[in-house]
Amino acid sequence: WPDRLLAVTFTNKAAKEMRARVENLVGEDGQKMWVGTFHSTAVKILRREASRIGIVSSFVIFDEDDTRAALRRVLDELRLDPKRYPIGALSNAISQAKNELKGPNEYPNRSYADEVVRRVYESYQEVLRRSGGLDFDDLIMKLVELFNTDEEALAKWRDRFRHVLVDEYQDTNRAQYVLVNQLAQEHRNVVVVGDDDQSIYRFRGADVRNILDFRKDYPDAHVVRLEQNYRSSQAILDAAYSVIRSNPERAEKRLRTERAGGEKVMATQAYNEVEEAEFVADEIERLRRTEDRGYSSFAVLYRTNAQSRSFEDVLARRKIPYRLVGGIRFWAVSYTHLTLPTILRV
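Overview of the structure.

The rules behind the values
- Residues numbered from 1 in each chain as written.
- Predicted model: local features only at pLDDT ≥ 70, side-chain atom pairs only at ≥ 80, totals over all residues.
- Heavy atoms only, no water.
- Patch = residues over 30% accessible without salt bridge, like charges linked within 9 Å, V, L, I, M, F, W, Y side chains within 5 Å.
- Areas by Shrake-Rupley, 256 points an atom, 1.4 Å probe, with all protein chains shown as cover.
- Salt bridge = Lys/Arg side-chain N within 4 Å of Asp/Glu carboxyl O.
- Lys, Arg positive; Asp, Glu negative; His and termini not counted.
- Charge placed at Lys NZ, Arg CZ, Asp CG, Glu CD.
- Helix = DSSP H or I, 4+ residues; strand = E, 2+ residues; numbered from the N terminus.
- Buried < 20%, exposed > 50% of the residue type's maximum accessible area, 1.4 Å probe, protein only.
- Pairing = 2+ DSSP bridges.
- Polar contact = N/O pair within 3.5 Å; in protein donor to acceptor, adjacent residues only side chain to side chain.
- Contact = heavy atoms within 4.5 Å.
- Phe/Tyr/Trp six-rings, centres within 6.5 Å; stacked < 30°, edge-to-face > 60°.
- Expected span 1.5 Å × (residues − 1).
- Core = buried A, V, L, I, M, F, W, Y, C linked by side-chain atoms within 4.5 Å.
- Axes fitted to C-alpha atoms, helices over the stretch in contact; angles between N-to-C directions.

**Focus on a negative patch on the surface**
A surface patch of negative charge is lined by D63, E64, D65 and D66. Summarising the element assignment, D63 is placed in the loop between strand 3 (60-62) and helix 3 (64-78). Looking at D63, the relative accessible area reads 42%, which means it is partly exposed.

**Some remarks on the pairing of strand 1 (residues 5-9)**
Judged by how many residues are buried, strand 1 sits mostly within the fold: 4 of 5 residues are covered. Note that strand 1 and strand 5 (residues 163-166) share 4 bridges and pair parallel. Bridge pairing links L6 to V164 in strand 5. Across 4 bridges, the pairing between strand 1 and strand 2 (residues 34-37) is parallel. Residue pairing across strands places A7 opposite V35, the latter belonging to strand 2.

**With respect to the side chain of D138**
With respect to the helices and strands, D138 occurs in helix 6 (residues 136-149). The class for D138 is buried, based on a relative accessible area of 1%. Of note is the side chain of D138, whose polar atom sits 3.0 Å from the side chain of K98. Apart from residues no more than four positions distant in its own chain, D138 is found in contact with K98, Q125 and L128.

**Here we look at the packing of aromatic side chains**
Taken as a whole and judged by the stated rule, the model has 7 aromatic pairs. Measuring from centroid to centroid gives 5.8 Å for Y169 and F214, while their planes differ by 80°, and the two rings are edge-to-face. Of the two residues, Y169 sits in the loop between strand 5 and helix 8 (174-184) while F214 sits in helix 10 (residues 214-217), which places them 45 residues apart along the sequence. For the pair shown, Y169 and F214 are each scored as buried.

**Some thoughts on helix 5 (residues 112-131)**
Helix length check: helix 5 (20 residues) gives 29 Å between terminal C-alpha atoms against 28 Å at 1.5 Å per residue, within 8%. On its buried side, helix 5 packs onto strand 3, helix 3, helix 4 (87-99), strand 4 (133-135) and helix 6.

**A word on the pattern of salt bridges**
This structure, assessed with the given rule, holds 36 salt bridges. A salt bridge links R118 to E122, with the nearest nitrogen and oxygen atoms 3.6 Å apart. Remark: E122 and R118 occur in helix 5; sequence separation between them is 4 residues, near one turn of the helix. You can call E122 partly exposed: its relative accessible area is 39%. When the shortest N-O distance is used, the salt bridge between R158 and E186 registers 3.8 Å. On the criterion of sequence distance, the pair formed by R158 in helix 7 (residues 151-160) and E186 in the loop between helix 8 and strand 6 (190-192) is long-range, its members being 28 residues apart. Taken together, the shared-partner salt bridges connect D195, D196, D197, R250, E252 and K253 into one network.

**Brief notes about a nonpolar patch on the surface**
Where nonpolar side chains cluster on the molecular surface, the patch consists of L165, V191 and V193 and spans about 220 Å² of accessible area. As for its placement among the helices and strands, V191 is situated in strand 6. With a relative accessible area of 45%, V191 lands in the partly exposed category.

**Considering the nonpolar core**
Judged by nonpolar contacts, the single largest core of 38 residues is most densely connected at L143, F147, F161, V164, L179 and L183. No other element matches the 7 residues that helix 8 contributes to this core. Discounting chain neighbours no more than four positions away, the residues touching F161 are D3, R4, L5, L6, W34, I45, L183 and H187.

**Focus on the sheet that holds strand 5**
Taking strand neighbours across the sheet as the criterion, the 4 strands line up as 2-1-5-6 in an open arrangement whose pairing is parallel. Because the sheet does not close on itself, it has two edges, and the strands there are strand 2 and strand 6. The average undirected angle you get between the axes of adjacent strands in this sheet is 15°. In terms of strand pairing, strand 5 meets strand 6 through 3 bridges, oriented parallel. What sits directly across from L165, in strand 6, is V191. Here helix 1 (residues 12-26) sits on the sheet and contacts strand 1 and strand 2; the angle it forms with strand 2, its principal contact strand, is near 160°. Running at roughly 160° to strand 5, helix 8 makes contact with strand 1, strand 5 and strand 6 of the sheet.

**Remarks on the environment of V314**
Mapping V314 onto the fold places it in helix 13 (residues 308-317). A relative accessible area of 2% means that V314 is categorised as buried. With near-sequence residues (within four places) excluded, V314 lies in contact with V274, A277, E278 and A281.

**Re the environment of Y201**
With respect to the helices and strands, Y201 occurs in the loop between strand 6 and helix 9 (209-212). Y201 sits 30 residues away from D171 along the chain, and the two C-alpha atoms are 6.4 Å apart. The residues contacting Y201, other than those within four sequence positions of it, are D171 and A206.

Below you can see the structure in the form of structure tokens.
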């Protein structure tokens, strides 16, 4: 039955596309499936089962601004200096603890700084309780708590979701991993899709061991390797493999493509960010001369907004026009060129 199927992924956009594809394949019955993010799924269940764990079904969900405001209030109450204990760092520490299913009493006490986080965490949870609210990380933590403490509720939702499907499994954290296993442990009808080589969100709590250890948790699982790549040339795949194969924590796989050949990847090591930007500018000018390329043929990709300044400095000084995408230009310079190289944050 469609309403016995649960499919979860990480973004609302991905969930919306997933639902649309299912409905396109199977028709109106696809609307009965539970398709959503981990957090939206947790909200739907908690709204129905809130009274079982002592919260109101009309609980409000704290967003980032609400959390920061609550933490400022806590720091005032505890008479702690926000300059010494930045709210952003405290919020991240509490979020990480919740992702690992650790309450204030389970928070490690290795230093005075840890003790401060524990006290702030404890007071912050009290603010949430008095406000009738849960923050984003509470949603999954509270659902895991419900299933750990209420066998009737666990049996009900295990019976409801006879098949559990999880997208981007390499990005799951400890709380999400436990939740999936709580629901699937009995019927063991679980399908996960993911690639340990693409696990890049450790700083958000993602644990690559979840996918590496999947066959230990489910030794009878059938593994399907999707090793054909449709996007890149073989030269790109070979370069990527030569780097990732040195990672000791990975499942062995080798991507292939029908797009043979391709230009070789060139790697360079720069002394600093200025030398890196100079190299990029040199390459743009070299290829314009030797291959008669226009400025619009080039794109520069970087990781964080802070990295754009060095590229902008060098490009502006050398009078190379550019267009910044997904960020705010450091230099307020206007060019009238119609074909510009593009700098994009990725």
